[in-house]
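Here's the letter readout for the chains.
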Amino acid sequence: MDAELASCQRIIDAKTPFECFQLPRKTTDPGLIRSIYLKLAIKVHPDKNKCHLATQAFQVLSDSFEELHDEEKQSRLLSQPYSSTWHSAKKRKAKCHDIADLVRQTNRWYTRDWDEVEAEIHRMTTEFKEHLARKQK
């Protein structure tokens, strides 16, 4: 589980799509980019990786692939000294994706006992409050 968490965290913390794929900045080979994407996608896909960050990491990985796969977007990335725009957009998308993940988890509650649902709501609310507190620091 620690290796799964480390893989997800590395992808989420990447500052550029090249860092996300662990590629040199000048890499333009679409075959290489695609093969690395497929390997990483299998590794961090939420159905395969049970880490709580898997959904967010998979979204970041998909966004990175989209940036590197499209020649126009990739040339824009290569012309910038640092892709802070990509990094801030990645963070904005992560917030939206966390909410979607919360909705999917809510749909699983219909098959559970009410006491179990209340405990899960309490746990998730606590996690969310802690997450907000860490962000404000």
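This text goes with the structure placed above it.
Caption draft 1: Local environment of the overall build of the chain. Looking only at helices and strands, one finds seven helices and zero strands in the chain. Put simply, the chain runs from its N terminus to its C terminus through helices and strands in the order α-α-α-α-α-α-α. Here the chain holds 137 residues, and 34% of them are scored as buried. Considering only intrachain contacts with a sequence separation of at least 6, the fraction spanning at least 24 residues in the chain is 62%. Accessible surface for the chain amounts to roughly 9300 Å². Of this, 56% is attributable to carbon and sulfur atoms.

Caption draft 2: How the structure looks around the packing of aromatic side chains. Tallied over the entire structure, the rule returns two aromatic pairs. Here the aromatic rings of F21 and Y37 are separated by 6.4 Å at their centres, their planes lie at 35°, and the arrangement is tilted. Here F21 is found in helix α2 (residues 17-21), whereas its partner Y37 is found in helix α3 (residues 30-44), with 16 residues between them in sequence. Take F21 and Y37: they sit in the same class, and that class is buried. Relative to F65, the ring of Y37 has its centre 4.2 Å away and its plane inclined at 15°; by these criteria the two rings are stacked. Of the two residues, Y37 is situated in helix α3 and F65 in helix α4 (residues 54-69); the sequence distance between them amounts to 28 residues. Neither residue differs from the other here; Y37 and F65 are each classed as buried.

Caption draft 3: Focus on helix α1 (residues 2-13). Along its 12 residues, α1 runs 16 Å from first to last C-alpha, staying within 8% of the 16 Å computed at 1.5 Å per residue. Along α1, the residues that are buried comprise S7, C8, I11 and I12. Along the axis of α1, the buried residues cluster in a sector spanning 130°; they form a single face. In α1, the exposed positions angled more than 90 degrees off the buried face are occupied by D2 and A3.

Reading guide: rules and limits
- Residues numbered from 1 in each chain as written.
- Predicted model: local features only at pLDDT ≥ 70, side-chain atom pairs only at ≥ 80, totals over all residues.
- Heavy atoms only, no water.
- Helix = DSSP H or I, 4+ residues; strand = E, 2+ residues; numbered from the N terminus.
- Buried < 20%, exposed > 50% of the residue type's maximum accessible area, 1.4 Å probe, protein only.
- Contact = heavy atoms within 4.5 Å.
- Areas by Shrake-Rupley, 256 points an atom, 1.4 Å probe, with all protein chains shown as cover.
- Phe/Tyr/Trp six-rings, centres within 6.5 Å; stacked < 30°, edge-to-face > 60°.
- Expected span 1.5 Å × (residues − 1).
- Arc of directions from axis to C-beta.

Nothing here speaks to function; it is all geometry.
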